[in-house]
Amino acid sequence: MSAPHIAAERLGADYFQDPYSVHARLRAQRPVTRVIMPGGTPVWMITGYTEARAALADPRLSKRWPGWHPEPDSIIATMDLHMLNTDPPDHGRLRRLVNKAFTARQVERLRPRITAITAGLLDDMSAGPDRPEVDLLASFAFPLPITVICELLGVPPADRDDFRVWSATIVADTPAPEVFQAHATAMARYFMALLAAKRQQPRDDMLSALLAARDDEDRLSENELVSMAFLLLVAGHETTVNLIASGMLALLLNPAELARLRADPALTGGAVEELLRYVNPVSNATFRFAAEPLELGGARIALGDPVLVSLSGANRDPARFGHPDGLDVGRDSSGHLAFGHGIHYCLGAPLARLEAGIAISGLLARFGSISLAVPAASLRWRPSTLIHGLEALPVRLAP
Ligand code: HEM
């Protein structure tokens, strides 16, 4: 690996609890710099907005690590061939298979169903005087997006507690290798069994449509099919849950902004954009690798070097957003990188925006009083380089 003249800083586990101050410090030194992640991986971390946006659109940064090929029949090989891990032309072929189902217009048709699921969850949280305190993450922010994506794909929502555990391990930074292997294997086997059942009995859902594309038209391989199911399920719920939960936390910690939003629900659309910029459900983009030597933000990146684009670093860059560490639900947050940029720009962005808008406005309309049930300093964030999400969000709700 290159650039021995730059001493790489080793990030500790405290990075996950407060990535923002680390990014601010790194950005002030250099917008592209060497760090060693808490899990031990040395990377080039990009924390400047201009450099991050340029990197996300740079075809010299590949999603494949040059020279790396997983064991053909391994679990990694089974789940690795999804659009977020592929370059053109495979990337475009895979994305086109599902693109239409996720356009803003198509997703808007889900509004009544998302509203109904939200209302059901709000009813459950309101039920009974004996529930003064709830974990908003487990009771609301998690079940909403997972139910929606399960219904779209045709995955039984009853199995969601299993995926929650498997998927949390897969996106975590430092799972024990045997736990990673066990949970990744469980998830792959789960999808293989589900797809086998749908082959026998196709339904009106996305996985059945993908099976037809595989079996009747040969537009993707068996591993690409399992990988697609895995990506859509994980991307569909590991992220939106954190926009809803961390977004609500941000509002609770900024009561004047919360009051503004309560007073003017027309601000909701803009507020969701500002919450995306501010809370960064995906803290760092997935790894990219230099397919050739390149220079970026003054750094010389060697062939094969891993690059980590910090979306939360970019979204808090004072050169792009004034007072970046302040929440302002009325500001113009357009241009934020919370959904990435370039060919891998989030496929599910319209769905995530719709879900978060319905969830947050529904919660505020139902509960006139929402307050943290524990001191903010005691809240813990999950140990993941990719995802920035709370372990739990205990709140008190009252009409
Ligand atoms: C607040 C919620 C969400 C956030 C913040 C988010 C963020 C992102 C980001 C940053 C990327 C690009 C990663 C990279 O370039 O390394 C991405 C890609 C992707 N997201 Fe989302 N996402 C969200 C919700 C969803 C939902 C609901 C789905 C639905 C299935 C979804 C599906 C995808 C897919 C399939 C990709 C890969 C696109 C490609 O490679 O072309 N996401 N997302």
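First, a word on what this report is: a plain description of the structure on this page. None of the values given here were measured: they were computed from a predicted structure.

**Considerations on the coordination of the iron atom of the ligand**
For a metal bound by four donors in a tetrahedral arrangement, the ideal donor-metal-donor angle is 109.5 degrees, while six donors in an octahedral arrangement ideally sit at 90 or 180 degrees.
And step 1. Looking at the protein side alone, the iron atom of the ligand has one donor only, Cys346 (SG), at 2.3 Å.
And step 2. Residue placement: Cys346 occurs in the loop between α17 (311–315) and α18 (349–366).

**A short note on the sheet that holds strand β1 (residues 9–10)**
And step 1. Read across the open sheet, the six strands follow the order β1-β2-β3-β9-β6-β4; overall the sheet is mixed. Each having just a single partner strand, β1 and β4 (61–62) make up the two edges of the open sheet.
And step 2. Sheet topology note: the strand β2 (residues 32–36)/strand β3 (residues 42–46) ladder contains five bridges and is antiparallel. Its bridge partner being in β3, Thr33 is matched across the sheet by Met45.

**Some details on the sheet that holds strand β10 (residues 369–372)**
And step 1. Judged by pairing direction, the sheet is antiparallel, and its three strands sit side by side in the order β5-β11-β10 without closing on themselves. Both outer strands of the open sheet, β5 (133–135) and β10, are each paired with one neighbouring strand and no more. For this sheet the average axis-to-axis angle between neighbouring strands, irrespective of direction, equals 35 degrees.
And step 2. Where β10 lies against strand β11 (residues 394–398), four bridges are found, and the strand directions are antiparallel. The partner of Leu372 across the bridge, within β11, is Val395.

What counts, and at which threshold
Residues numbered from 1 in each chain as written. Predicted model: local features only at pLDDT ≥ 70, side-chain atom pairs only at ≥ 80, totals over all residues. Heavy atoms only, no water. Donors = N, O, S within 2.8 Å, 3.2 Å for Na, K, Ca; no water. Helix = DSSP H or I, 4+ residues; strand = E, 2+ residues; numbered from the N terminus. Pairing = 2+ DSSP bridges. Axes fitted to C-alpha atoms, helices over the stretch in contact; angles between N-to-C directions.

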